[in-house]
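What the coordinates show
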Amino acid sequence: MKKYLVVGLIVFVGGFLLLKPLFDNGPTKIKENPVTFTFKENLAVKLYDKTPLEIEVKEDVASVEVLFNNEEIGSWSSPNGMLTCILDASKHGLGAKNLMLKSIGIDGTVYKDERMVRVLSDIIPEELNIMISNKYPHKTVSFTQ
């Protein structure tokens, strides 16, 4: 009885593997995002700088939104060509933040281009100099860390 189950299972799996390519339509093509940022990598900006963000619209879309830390900083209806919006990071403080470009195609397809923005301090650290004021004799093997 076990022998028939094993043979049946092998025939079933083998048949499935042989017939699957007949019903497979091939790899599905992922449509390229029609709206993208012009910069390739994530950004690093200083806290009080106002950074222009350039956006390229490659084909017709219904709308475009730019969100920084889930707050809208720019939106357009039926845009074309190059778009620019200003990123003012001072409202959100220091650290890593999310920047998202959301576009809706004419057919209703939603496209997203997400990046990280590191908001850096605008304070330049003061360089300090040290001076040895005194030396004391001690055992070099007796120390703590």
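In this text the structure is predicted, and so the values were computed from the model without any measurement.

**So, the overall build of the protein**
- For the protein, the count of helices and strands is 1 helix and 8 strands.
- Along the protein, helices and strands appear, N-terminal first, in the series α-β-β-β-β-β-β-β-β.
- Residues classed as buried in the protein amount to 25% of the 145 residues present.
- Of the contacts formed within the protein by residues at least 6 apart in sequence, a portion of 58% connects residues at least 24 apart.

**Topic: the nonpolar core**
- Counting residues in each nonpolar core, the largest one holds 21 residues, and the members touching the most others are Leu53, Leu99 and Val117.
- Ranked by the residues each element gives to this core, the list is headed by strand S4 (residues 61-68), at 4 residues.
- Apart from residues lying up to four places away in sequence, Val117 is in contact with Leu43, Val45, Phe68, Leu87, Gly95, Ala96, Lys97 and Leu99.

**Remarks on the sheet that holds strand S7 (residues 95-105)**
- Spatial ordering of the open sheet is given by S2-S8-S7-S4-S5, a layout of 5 strands whose pairing is mixed. In the strand order of this sheet, the two ends are held by strand S2 (43-46) and strand S5 (71-77), each with one partner. Neighbour-to-neighbour, the strand axes of this sheet turn through a mean angle of 20 degrees, independent of strand direction.
- In terms of strand pairing, S7 meets strand S8 (residues 110-120) through 10 bridges, oriented antiparallel. When the sheet's bridge partners are listed, Ala96 is paired in S8 with Arg118.

**Thoughts on the pattern of salt bridges**
- Within the structure shown, the criterion is met by 3 salt bridges.
- For Lys50, the salt bridge goes to Asp88, with nearest N and O atoms at 3.4 Å. With Lys50 in strand S3 (residues 50-57) and Asp88 in strand S6 (residues 81-88), this residue pair connects regions lying 38 residues apart in the sequence.
- As a salt-bridge pair, Arg115 and Asp113 come within 3.1 Å of each other at their nearest N and O atoms. Across the pair, Asp113 and Arg115 agree in class, each one buried.

**A short note on the side chain of Asp113**
- Looking at the element boundaries, Asp113 is found in strand S8.
- Of the polar contacts made by the side chain of Asp113, one reaches the side chain of Arg115; its length is 3.1 Å.

**What about the confidence of the model for the protein?**
- When the pLDDT values of the protein are averaged, the result is 85; 82% of them are 70 or greater.
- Within the protein, the element-level pLDDT minimum falls on helix H1 (residues 2-23), averaging 67, and the maximum on S4, averaging 95.

**Quick word on the pairing of S8**
- The two faces of S8 differ: Tyr111, Asp113, Arg115, Val117 and Val119 on one face are buried, but Val110, Lys112, Glu114, Met116, Arg118 and Leu120 on the other face are not.
- Taken together, the 4 bridges between S2 and S8 define a ladder with parallel strand orientation. Within S8, the residue paired with Leu43 across the bridge is Val117.
- Counting the residues between successive antiparallel strands, the hairpin from S7 to S8 contains 4 residues, one of them, Gly108, with a positive phi of roughly 95 degrees.

The rules behind these values
Residues numbered from 1 in each chain as written. Predicted model: local features only at pLDDT ≥ 70, side-chain atom pairs only at ≥ 80, totals over all residues. Heavy atoms only, no water. Helix = DSSP H or I, 4+ residues; strand = E, 2+ residues; numbered from the N terminus. Buried < 20%, exposed > 50% of the residue type's maximum accessible area, 1.4 Å probe, protein only. Contact = heavy atoms within 4.5 Å. Core = buried A, V, L, I, M, F, W, Y, C linked by side-chain atoms within 4.5 Å. Pairing = 2+ DSSP bridges. Axes fitted to C-alpha atoms, helices over the stretch in contact; angles between N-to-C directions. Salt bridge = Lys/Arg side-chain N within 4 Å of Asp/Glu carboxyl O. Polar contact = N/O pair within 3.5 Å; in protein donor to acceptor, adjacent residues only side chain to side chain. pLDDT = per-residue confidence, 0-100.

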